[in-house]
Amino acid sequence: MRVTKIEKEILSKYKTIAVVGASPDPQRHSNAVMAYLIGTGYKVIPINPTVESVLGRKTYPDLPSVPEKIEVVDVFRASDKLMPTVDEAIAVGAKVLWLQEGVINEEAAEKARQAGLIVIMDKCLAKAHAAFTGAKH
């Protein structure tokens, strides 16, 4: 996997990641990505209104409920359900909107860019980190 200069900068600079759509199910990709990111030293905050915790971390129902600064919003949501997450990412002052593999919505991405966020679309954050650092994902 090719990791762009801006992706390398994101992976090096930002350390607090909110995972929107975090699942407690170990069979789900969001769970594996969260576990990987935690294991590589990132502060990971799960966002899921239906469960109390994921991987031993307290979940929050939405981004505005998180009591600390979020730098990267990593999204595991259906492409057509992105706009509320984009609005929340803008509202909380996130720096990066990272849309996982298969999550593609040009309108949502453009809205985030217009608000000053860096947008990475259709790419796995954990795979990008592993490719950048040589770690095993």
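Residues numbered from 1 in each chain as written. Predicted model: local features only at pLDDT ≥ 70, side-chain atom pairs only at ≥ 80, totals over all residues. Heavy atoms only, no water.

The name given to the protein chain in an unreviewed UniProt entry is CoA-binding protein, with the source organism recorded as Dehalogenimonas etheniformans.

Q: I tried to follow the layout of surface pockets on my own but got confused; where do I start?
A: Gaps left between atoms are located by rolling a probe of water-molecule size over the structure's atoms. Approximately 180 Å³ is the volume attributed to the largest pocket. In this structure, the largest pocket is lined by Gly 21, Ser 23, Arg 28, His 29, Ser 30, Phe 76, Arg 77, Gln 100, Glu 101 and Val 103. Grouping the amino acids of the lining of the largest pocket by side-chain chemistry returns two nonpolar, five polar and three charged. (1 Å grid on protein atoms, 1.4 Å probe; cavity = no way out; pocket = protein on both sides within 12 Å on 5 of 7 lines; lining within 4 Å. Points joined across faces, edges and corners; volume = space filled by probe spheres on them. Nonpolar A, V, L, I, M, F, W, Y, C, P; charged D, E, K, R; others polar.)

Q: Whenever I open this one, the pattern of salt bridges confuses me. Can you help?
A: Oppositely charged side chains can pair when the atoms bearing their charge come close. Going through the model one piece at a time under the given rule, you end up with five salt bridges. Here Glu 101 and Lys 127 are joined by a salt bridge, their closest N and O atoms 3.1 Å apart. Within this pair, whereas Glu 101 is found in the loop between strand 6 (96-99) and helix 4 (106-114), its partner Lys 127 is found in helix 5 (residues 125-133), the two being separated by 26 residues in sequence. According to the relative accessible area criterion, Glu 101 is partly exposed, its value standing at 39%. (Salt bridge = Lys/Arg side-chain N within 4 Å of Asp/Glu carboxyl O. Helix = DSSP H or I, 4+ residues; strand = E, 2+ residues; numbered from the N terminus. Buried < 20%, exposed > 50% of the residue type's maximum accessible area, 1.4 Å probe, protein only.)

Q: Honestly, helix 4 in this entry has me stumped. Any pointers?
A: Residues spaced three or four apart along an α-helix point in a common direction, a consequence of the helix completing one turn every 3.6 residues. Among the residues of helix 4, those classed as buried are Ala 108, Ala 109 and Ala 112. Along the axis of helix 4, the buried positions cluster into a sector of 100°, meaning they face one direction only. Opposite the buried face of helix 4, by more than 90 degrees, sit the exposed residues Glu 106, Glu 107 and Gln 114. Turning to helix 4, the residues buried within the fold contact helix 3 (83-91), strand 6 and strand 7 (118-120). In this structure Asn 105 caps helix 4, since a side-chain oxygen of it lies 3.1 Å from the backbone nitrogen of Glu 107. Looking one or two residues beyond helix 4, the residue adopting positive phi is Gly 116, at roughly 100°. (Arc of directions from axis to C-beta. Contact = heavy atoms within 4.5 Å. Polar contact = N/O pair within 3.5 Å; in protein donor to acceptor, adjacent residues only side chain to side chain.)

Q: Is there a simple way to think about the UniProt feature "domain: CoA-binding" (unreviewed entry) in the protein chain in this case?
A: In the numbering used here, UniProt assigns the feature "domain: CoA-binding" (unreviewed entry) to residues 10-103. For residues 10-103, the end-to-end C-alpha separation is 19 Å, with 26% helix and 23% strand making up the annotated structure. (UniProt positions renumbered as here; feature names shortened; annotations may be inferred.)

Q: Would you take a moment to explain the pairing of strand 2 (residues 43-47) for this structure?
A: In regular strands, side chains alternate between the two faces of the sheet. In terms of residue burial, strand 2 counts as a mostly covered element, since four of its five residues are buried. Of the crossover connections in this fold, the one passing from strand 1 (residues 16-20) over helix 2 (residues 29-39) to the parallel strand 2 is right-handed. (Right-handed = clockwise from strand over helix to strand, strands pointing away.)

Q: When you look at empty space enclosed by the protein in this model, what are you seeing that I'm missing?
A: Under the defined criterion, the tally for this structure stands at one cavity of 30 Å³ or more. Taken as a whole, the largest cavity encloses approximately 30 Å³ of empty space. In terms of lining, the largest cavity is formed by Ile 10, Leu 11, Tyr 14, Ile 17, Tyr 42, Val 72 and Leu 125.

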